[in-house]
Amino acid sequence: MSTRPRISARISAISESATLAVDAKAKAMKAAGRPVIGFGAGEPDFPTPDYIVEAAVRAAREPRFHKYTPAGGLPELKKAIAEKTRRDSGYAVEPAQVLVTNGGKQAVYEAFATLLDPGDEVLVVAPYWTTYPEAIKLAGGVQVDVVTDESTGYLASVEQLEAARTERTKVLLFVSPSNPTGAVYSREQTVAIGRWAAEHGLWVVTDEIYEHLVYGDAEFTGIATAVPELGDRVVILNGVAKTYAMTGWRVGWLIGPSDVVKAATNLQSHATSNVSNVAQMAALAAVSGDLSAVAEMRAAFDRRRQTMVRMLNEIPGVLCPEPKGAFYAYPSVKELVGKELRGRRPRSSSELAELILEEAEVAVVPGEAFGTPGYFRLSYALGDSDLVEGVSRLAKLLSEAR
Ligand SMILES: Cc1ncc(COP(=O)(O)O)c(C=O)c1O
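Owing to the predicted nature of the structure, the values given are computational and were not obtained by experimental measurement.

Some remarks on the side chain of S89
Within the element layout of this structure, S89 appears in helix 4 (residues 75-89). Judged by its relative accessible area of 13%, S89 is buried. Other than its neighbours up to four places away in sequence, S89 contacts K84, E208, E211, F220 and T225.

Examining the site of the ligand
Near the ligand the following residues occur: G103, G104, K105, W129, Y132, N179, D207, I209, Y210, A241, K242 and R250. One nitrogen or oxygen atom from the main chain of G104 is found 2.6 Å from an oxygen atom belonging to the ligand. In this structure, K242 approaches the ligand through a side-chain N or O atom, which is 2.7 Å from an oxygen atom. Relative to its unbound accessible area of 400 Å², the ligand is 93% covered by the protein chains. At 3 residues, the largest contribution of residues to the shell around the ligand is made by helix 5 (residues 103-115). By residue class, the composition of the shell around the ligand is 5 nonpolar, 3 polar and 4 charged.

Focus: the sheet that holds strand 11 (residues 365-366)
On the basis of which strands lie adjacent, the open sheet formed by 3 strands has the order 9-12-11 and antiparallel pairing. Taken across any chain shown, the strands that pair with only one partner, and hence form the sheet edges, are strand 9 (328-329) and strand 11. With respect to the sheet, helix 13 (residues 349-360) is in contact with strand 11 and strand 12 (376-379), its orientation differing from that of strand 12 by roughly 45°.

How each quantity is defined
- Residues numbered from 1 in each chain as written.
- Predicted model: local features only at pLDDT ≥ 70, side-chain atom pairs only at ≥ 80, totals over all residues.
- Heavy atoms only, no water.
- Helix = DSSP H or I, 4+ residues; strand = E, 2+ residues; numbered from the N terminus.
- Buried < 20%, exposed > 50% of the residue type's maximum accessible area, 1.4 Å probe, protein only.
- Contact = heavy atoms within 4.5 Å.
- Near = heavy atom within 4 Å.
- Polar contact = N/O pair within 3.5 Å; in protein donor to acceptor, adjacent residues only side chain to side chain.
- Areas by Shrake-Rupley, 256 points an atom, 1.4 Å probe, with all protein chains shown as cover.
- Nonpolar A, V, L, I, M, F, W, Y, C, P; charged D, E, K, R; others polar.
- Pairing = 2+ DSSP bridges.
- Axes fitted to C-alpha atoms, helices over the stretch in contact; angles between N-to-C directions.

Listed below in structure tokens is the structure:
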């Protein structure tokens, strides 16, 4: 019998998505009849706007969309994405610089697979979204964490980045607004970081998927436009999931210099070929339409954000800086870890999250999933009354901690 491992070392090293795992557990408890309130999911609770759905229905009836189309995306969608990028970011790109992917996630994988050789280092600001480490690892890259906390609103400084840079650093991953913290870099901070990256010849991979979800006086700044000195060493990742409530449609994209896009398209041509034509036509309606649907969602998220942050900060032992973008709050619960609660003494935010799910029937994602134990991520993309009920249950339970 072969003694070779059944699963390759490369794939065994990939961990389950913690956010999806929490969501699945909460959904299973719900299906079993328990009144769970889930703060785990990273998706808007709104349906996709009708005009987008209608475009998909029309596309499904057209025989030309029943066939293979170019692996890198429908030409009309690539053109519309180039125009949308100019409209929203002021960044001039040609359709040939766009690769349409199966969601932003595939764009993340392909960007790192295309840029990294084994041993190349990537600077990643922690807390970070769970998919980045796995994509970097699978590409043979080495992730170097730049850890931030609530004292700076989870923003990294140039000094911190410089301290983490080595001769092997190839890429800076820049994510603003951030999942999981909701942190948004100001224009000045973005320019300072971008100039520093340019000065050291680094590539910048920037994930702009939450560009339209910013609140109050915060503003989204596209680093490629704000820092022309970066030249062609920028790869932009984006998609329709969050802006148009289209998480299930699976359309994202990667924008970069044409050699990078061509190489990534070759990879995609063997891995998945074209994204579903029906979904691409829905995405075309989304990106070439106006932004009124996202304006409505943003108003609801903003209201929920303020309610959540206020209620969380009223809980003793919980400290929640104001998130400025995306739809997540990222409170510190460090003071509660190790305290006695309902006869147990959770020793980590992960154990505390488990106890909360069992005792209060509330699902939160522990900071362990994002590289920083001692925190929770709570999505506020859920209905107002569920939100209030869920945080009230949390408050009631956590007030018993001794
Ligand atoms: C920061 C970030 N980038 C990319 C994605 C990918 O989104 P999708 O693959 O659904 O397009 C997500 C989804 O949670 C995200 O939070």
